[in-house]
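# A look at the structure
Here is how the chains run, residue by residue.
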Amino acid sequence: MISITGLYKQFDQLEVLKGIDLEVEKGKVVVIIGPSGSGKTTLLRCLNVLETPTKGVISIEGNSLDFSKNVSKKHIASFRRLTGMVFQSYNLFPHKTAIENVMEGPIIVKGEGKASARKKAQGLLEKVGLGDKMTYYPAQLSGGQQQRVGIARALAMEPKVMLFDEPTSALDPELVGEVLKVMKDLAQEGMTMIVVTHEMRFAQEVADEVVFMDGGVVVERNKPEEIFNHPKEERTRKFLNMLQ
Amino acid sequence: MYLSSIYIDPKYIDIAKSSLQPMLEGAIVNTIPLTLISFIIGLILAVLTALARISNIKFLQIIARIYVSIIRGTPLLVQLFIIFYGLPNLGVTLNPFPSAVIGFSLSVGAYASEIIRAAILSTPKGQWEAAYSIGMSYSQALRRIILPQAARVSVPPLSNTFISLVKDTSLASLVLVTEMFRRAQEIASQNYEFLLVYSEAALLYWIICFFLSIIQQFLEKRMDRHLA
């Protein structure tokens with residue numbers, strides 16, 4: 001369903017992605033791990049064109065963007081509708097309540113009516129366990145709650161794939177669990193997910209596949225049991241050892 | 001001795017009282033409308049200029065930069081004189097009030113554009129990214145997410161601009177607008193009580209600005225109510 005072919009990304013002098021090829025089947029959860037600077041966040045951000053690749057092709061359910069040619073803004077915007085992103089620093093809209101945050105996309109971008117958008121938003125907030133906090137502003141919510149609103153906001157656009165950029169890295173340890181639970185439930189419902197994270201236990205429990213990246217390339221990819229217990233590459237072993 | 005006679009001599013109290021009405025009239029008929037109209041037009045200009053400065057279109061960027069540079073690099077009084085006394089040389093003659101509005105609007109537009117540009121740039125990049133990630137276009141993100149947040153940040157410095165503008169309108173007296181200060185000048189030139197009359201004008205300006213600063217506090221409180 002998602003295919004990345006020959007993806008390169010260069011920032012000025014620094015080449016961050018050096019030729020990535022990756023396929024993700026529908027309904028699968030792919031967890032990307034790797035040291036900082038490996039390019040894993042850049043790869044994720046290329047998928048919804050928050051970073052524009054220097055070269056390569058990204059396809060999501062038949063919609064392709066070929067970055068060797070010029071890509072129009074409209075094309076990018078419609079491509080972004082296929083993905084939903086959850087950010088490390090939540091990035092909630094501070095001047096809107098939780099439910100307004102979730103309703104914003106459907107109303108402004110999809111042109112949905114306020115009443116139906118509100119109903120759907122309510123459902124989504126209840127789904128992530130925040131049905132009683134709908135009228136709260138982000139500043140009144142804890143980090144874990146804000147992140148769950150962020151997940152609901154991304155889900156409101158009914159994306160084909162959810163992208164998670166270190167969703168729990170900015171959270172206090174006791175709040176990590178509530179966010180991971182929402183992500184686990186999503187995975188069980190069959191959402192296609194690509195997750196950049198350092199939460200190895202989440203990867204072991206939920207991932208269908210773990211991708212280890214280093215220095216801008218995919219070093220190794222395999223089922224979690226294989227990667228964590230029988231890593232084939234030296235670099236993978238080194239990285240996993242450092243985490244212990 | 002002179003000072004103590006101001007407090008003792010009822011003649012000065014009468015002068016102050018009789019100067020009050022024309023000065024207030026000047027304030028209500030000219031100073032305040034001049035300030036309000038110029039500020040509103042200036043704000044619109046400022047937003048457009050700020051957006052031009054941050055846009056990707058080189059042409060717009062350059063025009064905005066030139067505009068701001070000219071206004072910030074020349075004295076406001078000189079700008080007013082060019083509009084009121086200078087334009088007639090080109091066959092464009094404007095009345096005092098419109099000349100003053102144009103001058104003050106252009107001035108506010110330039111200075112306020114820097115405030116707004118800074119406010120927009122200070123909005124976290126993540127806000128743009130979140131807006132884009134749910135499919136918003138540049139103008140949707142700007143209108144719904146970025147400008148509302150920039151507006152909150154802009155209230156203190158823009159209030160400053162507004163309060164400064166109230167006082168700058170005294171310059172309009174020199175292009176023949178009969179606002180509050182010109183009235184003061186007219187009164188003082190007749191009764192020669194310069195200290196008394198000009199101090200009274202200063203006090204009136206101060207009172208107006210005091211009320212404006214209270215409004216600013218109220219505005220800031222209102223806009224911050226949910227930012228904990």
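Notes on the structure follow. (Residues numbered from 1 in each chain as written. Chains lettered and ligands numbered in written order. Predicted model: local features only at pLDDT ≥ 70, side-chain atom pairs only at ≥ 80, totals over all residues. Heavy atoms only, no water.)

## Description of helix α8 (residues 180–191) of chain B
Residues and elements named next belong to chain B. The test is simple: Secondary structure follows DSSP: runs of H or I at least 4 residues long count as helices, runs of E at least 2 residues long count as strands, and numbering of each begins at the N terminus. The span expected for a helix works out to 1.5 Å for each residue beyond the first. Three exposure classes are used, based on accessible area relative to the maximum for each residue type with a 1.4 Å probe and protein chains only: buried under 20%, partly exposed in between, and exposed over 50%. The arc refers to the directions leading from the helix axis to the C-beta atoms. The contact criterion used is simple: two residues touch if any of their non-hydrogen atoms lie within 4.5 Å. Under this definition, polar contacts are N or O atom pairs within 3.5 Å; protein pairs additionally need one hydrogen-donor-capable and one acceptor-capable atom, and for neighbouring residues in sequence, both atoms have to be side-chain atoms.
In this model α8 runs 17 Å from its N-terminal to its C-terminal C-alpha over twelve residues, within 8% of the 16 Å that 1.5 Å per residue would give. By the burial criterion, the buried members of α8 are M180, R183, A184, I187 and A188. Buried residues along α8 cover an arc of 130 degrees about the axis, so they all sit on one side. Contacts made by the buried residues of α8 are with α2 (10–54) and α9 (194–223). Backbone nitrogen of F181 and a side-chain oxygen of the N-cap are separated by 3.1 Å at the start of α8; the cap is E179. Following α8 by one or two positions, Y192 adopts a phi angle in the positive range, close to 60 degrees.

## Considerations on helix α3 (residues 58–73) of chain B
Side chains three or four residues apart in an α-helix point the same way, a direct result of the helix having 3.6 residues per turn. Between the first and last C-alpha of α3 of chain B there are 22 Å, a value that for 16 residues agrees with the 22 Å anticipated at 1.5 Å per step. Turning to α3 of chain B, the residues buried within the fold contact α2, α4 (76–86) and α5 (96–122) of chain B.

## Digging into the packing of aromatic side chains
Selection criterion: Pairing of aromatic rings covers Phe, Tyr and Trp, the last through its six-membered ring, and needs centres within 6.5 Å; plane angles under 30 degrees mean stacked, over 60 mean edge-to-face, and all others mean tilted. Placement of a charge over a ring requires the Lys NZ or Arg CZ to be within 6 Å of the ring centre, with the centre-to-atom vector within 35 degrees of the ring normal.
For the structure on display, the rule yields eleven aromatic pairs over all chains. Centre to centre, the rings of Y192 of chain B and F194 of chain B are 6.2 Å apart; their planes meet at 75 degrees, and the pair counts as edge-to-face. Residue class for F194 of chain B comes out partly exposed when judged on its relative accessible area of 40%. Summarising the aromatic geometry, the rings of F194 of chain B and Y198 of chain B are spaced 6.1 Å apart at their centres and angled 40 degrees between planes, so their arrangement reads as tilted. Pair noted here: F194 of chain B and Y198 of chain B are both in helix α9, with a separation of four residues, about one helical turn. Through pairs of rings, three or more aromatic residues link up here, namely F181, Y192, F194 and Y198 of chain B. Against the face of Y8 of chain A rests K55 of chain A, its NZ or CZ located 4.4 Å from the ring centre. In this structure, K133 of chain A is placed above the aromatic ring of Y136 of chain A, and the distance from its NZ or CZ to the ring centre is 5.3 Å.

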